[in-house]
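Okay, here's what each chain looks like letter by letter:
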Amino acid sequence: MTAGDSLGRLDDDDYPAYTMGRAADMLGTTPGFLRSLGEARLITPLRSEGGHRRYSRYQLRIAARARELVDQGTPIEAACRIIVLEDQLEEAQRINAAYRRAAESADPPTAA
């Protein structure tokens, strides 16, 4: 991979560009908080060749939402479950919208 290819990947929300320390700094939290999200299986960071955790922007958005809930007094396990349910709801709404668009664009049945 060339340097140009690597820079292009930085626009990819799923590219694991951030170390644990940098991710924790960006979120204003501790590395332990990020580890706890991994233990709860809310996010699974990729590992560098040296075994260090690396986080994507998408994972950082999820971690930021978890921190928001925890800061409001929600236990971390409940915060993780809330985020999973929010994600499932968003996906279901996206699928329903696609079905509605398909149904609206279909030809109406003709009367026999």
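Computed from a predicted structure; not experimentally measured.

Asks: Can you help me understand the overall build of the protein chain in this one?
Replies: When helices and strands are counted, the protein chain shows 5 helices and 3 strands. Helices and strands in the protein chain line up, N terminus first, as α-β-α-α-β-β-α-α. The buried share of the protein chain, reckoned over its 112 residues, is 21%. Residue pairs at least 24 apart in sequence account for 57% of intrachain contacts in the protein chain once pairs closer than 6 positions are excluded. Accessible surface for the protein chain amounts to roughly 7,900 Å². Of this, 52% is attributable to carbon and sulfur atoms.

Asks: Honestly, the sheet that holds strand 2 (residues 46–47) in this entry has me stumped. Any pointers?
Replies: Working definition: the strands of a sheet are paired by backbone hydrogen bonds and lie parallel or antiparallel to each other. Spatial strand order, 1-3-2: 3 strands in an open sheet with antiparallel pairing. The sheet is open, and its two edges are formed by strand 1 (18–19) and strand 2, each paired on a single side. Examined bridge by bridge, strand 1 and strand 3 (residues 53–55) share 2 bridges and lie antiparallel to one another. Bridge pairing in strand 3 places T19 opposite R54. The sheet contacts of helix 4 (residues 57–71) involve strand 1 and strand 3, and relative to strand 3 the element is tilted by about 85 degrees.

Asks: Looking at this model, I keep getting lost on unusual backbone geometry. Mind explaining?
Replies: Non-glycine residue R41 carries a positive phi angle of around 65 degrees. Looking at where R41 falls in the secondary structure, it is placed in the loop between helix 3 (31–39) and strand 2. Given a relative accessible area of 73%, R41 falls into the exposed group.

Asks: Can you help me understand the nonpolar core in this one?
Replies: Soluble, globular proteins show a tendency: their nonpolar side chains are buried together. L34, L37, L42, I43 and Y55 are the most contacted members of the largest nonpolar core, which has 18 residues in total. If you list the elements that add at least two residues to this core, you get helix 2 (20–27), helix 3, helix 4 and helix 5 (76–105). For this core, the element with the highest residue contribution is helix 4, accounting for 5 residues. Ignoring anything within four residues of it in the chain, the contact list for L42 reads L37, I62, A66, C80, I83 and V84.

Asks: Even after reading the chapter, I still don't get the packing of helix 2 against helix 3, so can you show me in this structure?
Replies: Packed helix pairs are specified by the crossing angle of their axes together with the interaxial distance, meaning the distance between the axes. The N-to-C vectors of helix 2 and helix 3 enclose an angle of 105 degrees; their axes lie 8 Å apart at closest approach. In terms of orientation, helix 2 and helix 3 fall into the roughly perpendicular class. Residues M20, A23, A24 and L27 of helix 2 pack against P31, L34 and R35 of helix 3. Each residue belonging to the contact of helix 2 with helix 3 can be placed in one class, and the counts come to 6 nonpolar, no polar and 1 charged.

Scoring rules and cut-offs
Position labels on residues start from 1 in each chain and follow its written sequence. Local features in a predicted model are, by the rule used here, given only for residues with pLDDT of at least 70; side-chain atom pairs are given and counted only at 80 or more, and totals for whole chains, interfaces and linings are based on all residues. Excluding hydrogens and water, the side-chain values take into account all heavy atoms of the structure. A run of DSSP states H or I qualifies as a helix once it reaches four residues; a run of E qualifies as a strand once it reaches two. Both are numbered from the N-terminal end. Think of it in three bands: with a 1.4 Å probe and only protein chains considered, a residue is buried below 20% of the maximum accessible area for its type, exposed above 50%, and partly exposed in between. Contacts were defined at the residue level, with two residues in contact if any of their heavy atoms lie within 4.5 Å. In this description, accessible areas are obtained by the Shrake-Rupley approach with a 1.4 Å probe, and a residue is regarded as covered only by the protein chains that are shown. When DSSP locates at least two bridges between a pair of strands, those strands are taken to pair. In this description, a line fitted to the C-alpha atoms serves as the axis of each element, helices being fitted only across the stretch in contact, and the angle between N-to-C directions of two axes falls anywhere from 0 to 180 degrees. Nonpolar cores are built from buried Ala, Val, Leu, Ile, Met, Phe, Trp, Tyr and Cys residues. Side-chain atoms within 4.5 Å join them into one set. The cut-offs work like this: below 35 degrees is roughly parallel, past 145 is roughly antiparallel, 65 to 115 is roughly perpendicular, and the gaps in between are oblique. Under the scheme applied here, ten amino acids are nonpolar (Ala, Val, Leu, Ile, Met, Phe, Trp, Tyr, Cys and Pro), four are charged (Asp, Glu, Lys and Arg), and all others, including Gly, are polar.

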